[in-house]
Amino acid sequence: MLVEELVVLLSAYSSSGLKAYLPEWRQLNCVLDRPVVMHLADRYESGVARDVTEDGLLLLELPDGSRKAYASGEVRLRVADARPIP
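Because the structure is predicted, anything quoted here is derived from the model rather than measured.

Draft legend 1. View of the overall build of the protein. The number of helices and strands found in the protein is two helices and five strands. The buried share of the protein, taken over its 86 residues, is 26%. Across the protein, contacts joining residues at least 24 apart in sequence account for 41% of those joining residues at least 6 apart. Surface accessibility of the protein: about 6300 Å² in total, with carbon and sulfur atoms responsible for 58%.

Here it is, written out as structure tokens:
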């Protein structure tokens, strides 16, 4: 059943892209609006995970209030606070 559902989703994804899935993704994303630490190749970035762009990039709000987008291939993400994930 899972494979069948994935085939349907992938067929729709090829024509609609990620945009069609973003509302549900945002609703289920357990790190949005939580403090996180981004582990980049040579440094760390701390901030609050604010959104996912239409391209699938994580939008991080930095301590100075600016926002920066990151691709999953460039980072590792760890939730910084101890709140349990719902």
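Back to the write-up after that little detour.
Draft legend 2. Focus on helix H1 (residues 2-16). With 15 residues, H1 should cover 21 Å at 1.5 Å per step; its first-to-last C-alpha distance of 20 Å lies within 8% of that length. Directly beyond the C-terminal end of H1, a positive phi value near 75° is found at Gly17.

Draft legend 3. Representation of the environment of Pro63. By the secondary structure assignment, Pro63 is in the loop between strand S3 (58-61) and strand S4 (67-70). Exposure remark for Pro63: the relative accessible area of 74% places this residue in the exposed category. Separated by 15 residues in sequence, Pro63 and Val48 have C-alpha atoms that sit 8.2 Å apart.

Draft legend 4. Structural view of a nonpolar patch on the surface. On the surface, a cluster of nonpolar side chains totalling about 500 Å² of accessible area is made up of Leu2, Leu6, Leu9, Leu10 and Tyr13. Following the sequence through the fold, Leu6 ends up in helix H1.

Draft legend 5. A look at the pattern of salt bridges. On inspection of all chains with the given rule, the structure shows eight salt bridges. Here Arg50 ties to Asp33 by a salt bridge, and the two come within 2.9 Å at their closest N and O atoms. In this pair, Arg50 sits in strand S2 (residues 44-52) while Asp33 sits in the loop between helix H2 (22-28) and strand S1 (35-39), placing the two residues 17 residues apart along the sequence. Judged by its relative accessible area of 26%, Arg50 falls in the partly exposed class. Through salt bridges with shared partners, a single network forms among Asp33, Arg50, Glu61 and Arg67.

Draft legend 6. Inspection of the nonpolar core at higher detail. Val31, Val36, Met38, Leu40, Ala49, Leu58, Leu60, Leu62 and Tyr70 form the largest nonpolar core, which has nine residues in total. Sorting the residues of this core by element identifies S1 and S3 as the ones contributing at least two each.

Cut-offs used in this document
Residues numbered from 1 in each chain as written. Predicted model: local features only at pLDDT ≥ 70, side-chain atom pairs only at ≥ 80, totals over all residues. Heavy atoms only, no water. Helix = DSSP H or I, 4+ residues; strand = E, 2+ residues; numbered from the N terminus. Buried < 20%, exposed > 50% of the residue type's maximum accessible area, 1.4 Å probe, protein only. Contact = heavy atoms within 4.5 Å. Areas by Shrake-Rupley, 256 points an atom, 1.4 Å probe, with all protein chains shown as cover. Expected span 1.5 Å × (residues − 1). Patch = residues over 30% accessible without salt bridge, like charges linked within 9 Å, V, L, I, M, F, W, Y side chains within 5 Å. Salt bridge = Lys/Arg side-chain N within 4 Å of Asp/Glu carboxyl O. Core = buried A, V, L, I, M, F, W, Y, C linked by side-chain atoms within 4.5 Å.

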